[in-house]
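Structure assessment
Here is what each chain is made of, one letter per residue.
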Amino acid sequence: ARKPARAQANAARRQSLKLVALLAVGGGAWLAGGDEQARFWLADYRTGTGELRHIVLEDGTRIALNTASSIDVRYDAGQRLVTILKGEIMVTTARDAAGRPFFVRTAQGRLQPVGTRFAVRVKEDRTQLGVFEGAVDIFPGQSPVAARRLQAGQQASFTAGQAGTVR
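Described below are features of the structure shown in this document. (Residues numbered from 1 in each chain as written. Predicted model: local features only at pLDDT ≥ 70, side-chain atom pairs only at ≥ 80, totals over all residues. Heavy atoms only, no water.)

This part covers the overall build of the protein chain. The secondary structure content of the protein chain amounts to two helices and 10 strands. In the protein chain, the order of α-helices and β-strands from amino to carboxyl end is α-α-β-β-β-β-β-β-β-β-β-β. Evaluated residue by residue, the protein chain yields a buried proportion of 36% over its 167 residues. Here the analysis covers contacts within the protein chain between residues at least 6 apart in sequence; of these, 33% occur between residues at least 24 apart. (Helix = DSSP H or I, 4+ residues; strand = E, 2+ residues; numbered from the N terminus. Buried < 20%, exposed > 50% of the residue type's maximum accessible area, 1.4 Å probe, protein only. Contact = heavy atoms within 4.5 Å.)

Rendered as structure tokens:
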């Protein structure tokens, strides 16, 4: 009488272990293989399709995330850094009491605003920048030399290799 009951319990336990193993392997493969998707879900801030989100960072900088966008935020003693992983943001920078510079990083380079309000859209191979107030310096490909400074009312796109025409 005990043998059938024990066999059912063992079978149920084996099924549970198979399910846990499948989830562990599948989840690990998703994180390793689906790099873009994993980065989106692990981002500090993100929006789904059709969703807009407004956040205020610890220094008072305001960021509006457009639909299907994601960013990481890293503040340390030397800088304030926002990395756009996907999508589009509108930034209104605030003065930092510690005097740290503010940067926005994309796959194509980095941007340094000069007391400003601006929008950044990341596409597959380029980044688009539009400046509404102040000015923003473009550093394509992490270059230490500013390729271009955009003033209020100007926009341009850039790749890792160069900044495009200012419009």
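After that view of the structure, there is still more to cover.
Here the focus is the pattern of salt bridges. A complete count under the given rule lists six salt bridges for this structure. Put simply, Arg74 and Asp44 hold a salt bridge, and the shortest N to O gap is 2.7 Å. Here the residue Arg74 occupies a position in strand E4 (residues 70–75), and Asp44 occupies one in the loop between helix H2 (35–42) and strand E1 (45–46), the gap between them amounting to 30 residues. Arg74 sits in the partly exposed class, given a relative accessible area of 46%. Judged by its relative accessible area of 35%, Asp44 is partly exposed. We note a salt bridge from Arg121 to Glu88, for which the minimum N-O separation is 2.9 Å. Here Glu88 lies in strand E5 (residues 80–92) and Arg121 lies in strand E7 (residues 109–122), a separation of 33 residues in the sequence. (Salt bridge = Lys/Arg side-chain N within 4 Å of Asp/Glu carboxyl O.)

Further remarks concern the pairing of strand E6 (residues 102–106). For E6, a buried count of four out of five residues is recorded, marking the element as mostly surrounded by other parts of the structure. Pairing analysis gives four bridges linking E5 to E6, with the strands arranged parallel. Paired with Arg80 across the strands is Phe102, a residue of E6. Note: E6 against E7, three bridges, orientation antiparallel. By the bridge assignment for E7, Arg105 is matched with Arg110. With antiparallel pairing between neighbouring strands as the criterion, E6 and E7 make up a hairpin whose turn holds two residues. (Pairing = 2+ DSSP bridges.)

If you look at the biggest cluster of nonpolar residues, it comprises 25 residues, and the most contacted ones within it are Ile63, Ile71, Val82, Ile89, Leu111, Phe118 and Leu129. Elements represented by at least two residues in this core include exactly strand E3 (62–65), E4, E5, E6, E7, strand E8 (127–140) and strand E10 (155–158). In this view, Ile63 contacts Arg53, His54, Ile55, Leu57, Ile71, Val82, Ile89, Met90 and Val91; residues no more than four positions away in its chain are not counted. (Core = buried A, V, L, I, M, F, W, Y, C linked by side-chain atoms within 4.5 Å.)

Looking at where Pro140 falls in the secondary structure, it is placed in strand E8. For the pair Pro140 and Ala160, spaced 20 residues apart in sequence, the C-alpha separation works out to 4.9 Å. Dropping the residues within four chain positions of it, Pro140 is found in contact with Gln108, Gly109, Ala147, Phe158, Thr159, Ala160, Gly161, Gln162 and Ala163.

On the surface, a nonpolar cluster with roughly 330 Å² of combined accessible area is contributed by Leu19, Leu22 and Leu23. Within the fold, Leu23 resides in helix H1 (residues 2–33). (Patch = residues over 30% accessible without salt bridge, like charges linked within 9 Å, V, L, I, M, F, W, Y side chains within 5 Å. Areas by Shrake-Rupley, 256 points an atom, 1.4 Å probe, with all protein chains shown as cover.)

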